[in-house]
Amino acid sequence: MFMSVICLLGCSLLRSKAHSQQQCLFMLYSAASSALMYEDQVFDESPKIDANFGLSRSTLRVPGTRRELFPLVVRVFKSLNWRVAREIRFGSWVESHGFSHSINSFRIIIHTFAVVGMHCEVFALLRDVVGYCNEAKYDAFKLFSDLLDSPHHVERSIVVFDMLIKVFASNSMLENALDVYMSAKHVGIEPDILSCNFLLKCLVEANRVEFVRCYFEELKDSGPSPNIYTYTIMMKFYCRDVGQGADIRRTTEILGKIYRSGENPNVVTYSTYIHGLCKVGSVEVALKLIRNLCYKNQPLNNHCFNAVIYGFCQRGAVHEALEVLEEMKSSGIIPDVYSYSILIDAFCKKGDVVKGLDFMKEMELYQIKPSIVSYTSLIRGLCKNKLMQSSVDIFRSIGASGHKYDQTVYETLIDGFCMQGDMDSAIKLLEEMTSNDLVPTAFSFRCLIRGFYKLGLFDKALEIFNIMLQDDIWPDTIACNYVLNGYCRAGHFKEALTLLEEFQDHGINLNSHSYNAIIYRLCRESYPERALELLPRMFKRNVLPGVVNYSTLISGFAKQSNFKKAVMLFTRMVKVGITFNTITYTILINIFSRSCKMCEAYGILKEMKERGLHPDQISYTSLIAGFCNTREMKKAWALFEEMLKEGCLPNVITYTCLIDGFCKSNRIDLASWLFDKMNRDAVIPDVVTYTVLISWYHKHGCIDQAHRIYDEMKAKGILPDDITHKVLGLNGAIQEG
């Protein structure tokens, strides 16, 4: 069809008179307009459209009904004049002449430009057609048949459909682009691999996982054959954070296919693979690959080394990262600002700000300008080390270095002042930040709220909170928790509950710690039943109670001696599958020990150890106290020895419980030995310890010994209490003294 129309328009004229003109135009447009089409750019293979190619509605002349289509087509065909062609707006033609005539005319013009290699012009015209189809809700899938030159000469349409694939892909019409590819293959056209790579890249960027894999397999099976850029795109795809991490196995397989296909991996290919290895934690493997590539003089850049440096820093292996930097230099590759920024951040997080400052000097030596990220990491490290003046000096030097202050660097220094309790400096810096047209975020206000809260200035923290709300900035979860804690510390439980509901209604994702502030205060005020009522509220708001909530409640009921309710909560924890921590187990051990249910208490200790948790001083002491109360001194002594063996040091309560138990069992020899051991181990006895021994000696008639211990107690500055005086029959001693 296309060739028959060309004949009617004067094909002979084109072959003779305009032949030399066409050659000249072909050379001009092919060299200038379409050069970018043949650059092997893996990141962007779409044509770069010059501003002069734009089809602005406001600047175009709309063809009237009197202007015929074909004379205009003939002008474009004869002259290949883009200035004439760009005046043609497809939508205007459709309004004047209908879709069928307009698409036929555009097909002729598009194919004309395609024949002489004016690919950018083809792209611009197709973009105009596709844009109209989108606005008019026309089925864009029909464009393939509308733009096909002739079913008998499909090879003439190769360039057109290459461009159509790119137009669809660049407009996120990925299904349409895939349809053009499949339709072209069906009629015998093999699209150019550059167009296919561009479509593949767009599919990857859109995370169309199902299409990416199928399309890549289609390219391998039916062509065009993948090139190094195709494989590299797929490696990038598998190295992205899809699912649980990079699919390094598939990436490795693709690298193997590259070698088998005869293609030569380029620096982007190796960099992609090295990044993937580091992402899955195989940093040593990545470093070994880099060393092997260096040995073989294969292409490498600083991005490859940076990935390994970052990988080591992520796991805290900063000295290994530093060694990689030195290898990088010895390989002749100069570190860039990212290399140093990664290391500055890592060393500052480790607390080594001196090394961070050394890196800044080294960057200056290499004439590498630090980034705002470099400065921010250094300021954060200085703040954590309480070197606020140095932080301020670095902060002020940013402006002198030509960098523009950003929100993050301001907030980092504000956070540093708040951590040190210097709230005046923090507020002044916030005011400076806003005067520089930087809008404070929830993080800025959170720092101030936390700072005032830790200073005990809850009224000030609440004032900052209200300013946030006035500025339509809702706090984050951490700030909310500080505010709720503040209300609870002041005893305003009702206000805290109301505020908690408001936070939830505004979409703030509160956590179990948000509720625990109220639960803890209610339990501390001896209202565990009211605290328990919060659990249904949490479930209603899709906030699952955690081990902290249950542990707090169990402890609250235990303090009220409501052991039945405490055990009920423990049973509920078991049913919902909550993993217990040392605190939960210790609370339960204490509950059963106080109830003299030592079999159950000891069973909990065994379960605790089976789960890999280590009993602490309180756990052992609770059990020892329980066994001493039930006169099971052998078990108490065995636990004491186990405690020492595990490196868990007994405290004064542990010793006192055992001394009391042995005294009640009339084993004053062991009680005295433990008392002497306390002094040897620098564990200072308290008034209870002395009173236990005084009581035994006085009860058994050893009055002199009782008074000797009494005098020793006073000599060490430990004041006797009423019980001590009562034991010795000195009830009036306090008044007389």
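Please read all numbers here as calculations on a predicted model, not as lab measurements.

What counts, and where the lines are drawn
- Residues numbered from 1 in each chain as written.
- Predicted model: local features only at pLDDT ≥ 70, side-chain atom pairs only at ≥ 80, totals over all residues.
- Heavy atoms only, no water.
- Helix = DSSP H or I, 4+ residues; strand = E, 2+ residues; numbered from the N terminus.
- Buried < 20%, exposed > 50% of the residue type's maximum accessible area, 1.4 Å probe, protein only.
- Contact = heavy atoms within 4.5 Å.
- Areas by Shrake-Rupley, 256 points an atom, 1.4 Å probe, with all protein chains shown as cover.
- Core = buried A, V, L, I, M, F, W, Y, C linked by side-chain atoms within 4.5 Å.
- Polar contact = N/O pair within 3.5 Å; in protein donor to acceptor, adjacent residues only side chain to side chain.
- Patch = residues over 30% accessible without salt bridge, like charges linked within 9 Å, V, L, I, M, F, W, Y side chains within 5 Å.
- Salt bridge = Lys/Arg side-chain N within 4 Å of Asp/Glu carboxyl O.
- Phe/Tyr/Trp six-rings, centres within 6.5 Å; stacked < 30°, edge-to-face > 60°.
- Lys NZ or Arg CZ within 6 Å of the ring centre and 35° of its normal.
- Axes fitted to C-alpha atoms, helices over the stretch in contact; angles between N-to-C directions.
- Parallel < 35°, antiparallel > 145°, perpendicular 65-115°, else oblique.
- Left-handed = near helix turned anticlockwise from the far one by under 90°.
- Nonpolar A, V, L, I, M, F, W, Y, C, P; charged D, E, K, R; others polar.
- pLDDT = per-residue confidence, 0-100.
- Expected span 1.5 Å × (residues − 1).
- Disulfide = S-S within 2.5 Å.
- Arc of directions from axis to C-beta.

(A) Looking closely at the overall build of the chain. When helices and strands are tallied, the chain shows 43 helices and zero strands. Within the chain, the fraction of its 737 residues that count as buried is 50%. For the chain, the share of sequence-separated contacts (at least 6 apart) that also reach a separation of at least 24 residues comes to 63%. Working note: accessible area of the chain is about 36300 Å², and carbon and sulfur atoms make up 53% of it.

(B) Here's a closer look at the nonpolar core. Residues Ile274 and Val308 are the most contacted members of the largest nonpolar core, which totals 234 residues. When neighbours within four sequence positions are excluded, Val308 is seen to be in contact with Ile274, Cys278, Val283, Ala286, Leu287, Ile290 and Val324.

(C) Representation of the side chain of Asn227 in the model. On the secondary structure map, Asn227 appears in the loop between helix 12 (209-222) and helix 13 (228-238). Here the side chain of Asn227 touches Tyr229 through a polar contact of 3.0 Å, landing on its backbone nitrogen. For Asn227, the side chain forms a polar contact with the side chain of Thr230, separated by 2.9 Å.

(D) Layout of a nonpolar patch on the surface. Among the surface-exposed residues, Ile334, Leu365 and Tyr366 lie close enough to one another that they form a single nonpolar patch of about 350 Å² accessible area. Tracing the backbone shows Tyr366 in the loop between helix 20 (353-365) and helix 21 (372-384).

(E) Region of interest: the packing of aromatic side chains. Considering all chains together, one arrives at 24 aromatic pairs under this definition. Judged by centre distance (6.3 Å) and plane angle (90°), the rings of Trp474 and Phe503 are edge-to-face. Linking Trp474 in the loop between helix 26 (458-470) and helix 27 (477-489) with Phe503 in helix 28 (residues 493-505), this pair joins segments that are 29 residues apart in sequence. When its relative accessible area of 30% is taken as the criterion, Trp474 is described as partly exposed. Residue Phe503 is classed as buried on the basis of its relative accessible area, which comes to 0%. Taken together through their ring pairs, the aromatic side chains of Phe90, Phe99, Phe106, Tyr132 and Tyr138 make up a single cluster. When the ring centre of Phe359 is taken as reference, the NZ or CZ atom of Lys355 above it lies at 5.5 Å. One cation-aromatic arrangement involves Arg530 over Tyr527; the distance from NZ or CZ to the ring centre is 5.4 Å.

(F) Representation of the pattern of salt bridges in the model. Evaluated as defined, the whole model comprises 28 salt bridges. With its nearest N and O atoms 2.6 Å apart, the salt bridge here joins Arg315 to Glu284. Placement of the pair is Arg315 in the loop between helix 17 (302-314) and helix 18 (318-330) and Glu284 in helix 16 (residues 283-295), with a sequence separation of 31 residues. Judged by its relative accessible area of 43%, Arg315 is partly exposed. The partly exposed category is assigned to Glu284, whose relative accessible area is 43%. In this structure, Glu432 engages Arg396 in a salt bridge whose closest nitrogen and oxygen atoms are separated by 2.9 Å. Placement of the pair is Glu432 in helix 24 (residues 423-435) and Arg396 in helix 22 (residues 388-400), with a sequence separation of 36 residues. One network of salt bridges, in which partners are shared, links Glu501, Asp505, Arg537 and Arg541.

(G) Region of the structure containing the packing of helix 23 (residues 407-419) against helix 24. Helix 24 packs onto helix 23 with a crossing angle of 165° between their chain directions and a minimal axis gap of 8 Å. Accordingly, the angle class assigned to the pair helix 23 and helix 24 is roughly antiparallel. Helix 23 and helix 24 meet at a crossing whose hand is left-handed. Two secondary-structure elements touch here, helix 23 through Gln407, Tyr410, Glu411, Leu413, Ile414, Phe417 and Cys418 and helix 24 through Met423, Ser425, Ala426, Leu429, Leu430, Glu432 and Met433. The residue inventory of the contact of helix 23 with helix 24, partitioned by class, reads 10 nonpolar, two polar and two charged.

(H) Focus on the environment of Leu613. By the element assignment, Leu613 lies in the loop between helix 35 (598-610) and helix 36 (617-629). Separated by 33 residues in the primary sequence, Leu613 and Phe580 have C-alpha atoms spaced 9.4 Å apart. With near-sequence residues (within four places) excluded, Leu613 lies in contact with Phe580, Asn581, Thr582, Tyr585 and Met608.

(I) Molecular detail of the environment of Leu125. Here Leu125 is to be found in helix 7 (residues 119-135). Measuring from C-alpha to C-alpha, the distance between Leu125 and Phe113 comes to 9.8 Å, with 12 residues separating the pair along the chain.

(J) Examining the confidence of the model for the chain more closely. Summary statistics for the chain give a mean pLDDT of 82 and a share of 87% for residues scoring 70 or more. Low confidence marks residues 1-67, where pLDDT is under 50. Its contacts with residues over four positions away, or in another chain, come to 106 contacts. Note that pLDDT drops below 50 for residues 732-737; the model gives that stretch three contacts with residues more than four away or on any other chain.

(K) Representation of helix 27. In a regular helix each residue adds 1.5 Å, so 13 residues correspond to 18 Å; helix 27 covers 18 Å between its end C-alpha atoms and thus fits that length. Among all positions in helix 27, only Thr477, Ala479, Cys480, Asn481, Tyr482, Val483, Leu484, Gly486, Tyr487 and Cys488 are buried. Residues of helix 27 that are buried make contact with helix 25 (442-454), helix 26, helix 28 and helix 29 (512-524). Following helix 27 by one or two positions, Gly491 has its phi on the positive side, about 85°.

(L) View of the state of the cysteines. On inspection of all chains with the given rule, the structure shows zero disulfides. Take Cys657: it sits in no disulfide, and the sulfur closest to it among the cysteines is that of Cys628, at 6.0 Å. The class for Cys657 is buried, based on a relative accessible area of 18%.

(M) How the structure looks around the side chain of Asn516. If you trace the backbone, Asn516 turns up in helix 29. The class for Asn516 is buried, based on a relative accessible area of 10%. Those residues within four positions of Asn516 in sequence are excluded, and the remaining contacts are Val548, Asn549 and Thr552.

(N) Layout of the packing of helix 9 (residues 158-170) against helix 10 (residues 174-186). Contact geometry for helix 9 and helix 10: axes closest at 7 Å, N-to-C directions at 165°. With respect to their mutual orientation, helix 9 and helix 10 come out roughly antiparallel. Considering how the two elements wind past one another, helix 9 and helix 10 form a crossing that is left-handed. Counting all contacts with helix 9, which are made through Phe161, Leu164, Ile165, Phe168 and Ala169, the residues of helix 10 involved are Leu174, Asn176, Ala177, Val180 and Tyr181. Class assignment of the residues belonging to the contact of helix 9 with helix 10 gives a composition of nine nonpolar, one polar and no charged.

(O) Region of interest: helix 16. Over its 13 residues, helix 16 extends 18 Å from the first C-alpha to the last, a length consistent with the 18 Å expected when each residue adds 1.5 Å. For helix 16, the set of buried residues is Val283, Ala286, Leu287, Leu289, Ile290 and Leu293. All buried residues of helix 16 project into a common sector of 160° when viewed along the axis, lining one side. More than 90 degrees from the buried face of helix 16, the exposed residues found are Lys288 and Tyr295. Among the structural elements, helix 15 (267-279), helix 17 and helix 18 are those in contact with the buried residues of helix 16. Positive backbone phi, approximately 55°, marks Asn297, located one or two places after helix 16.

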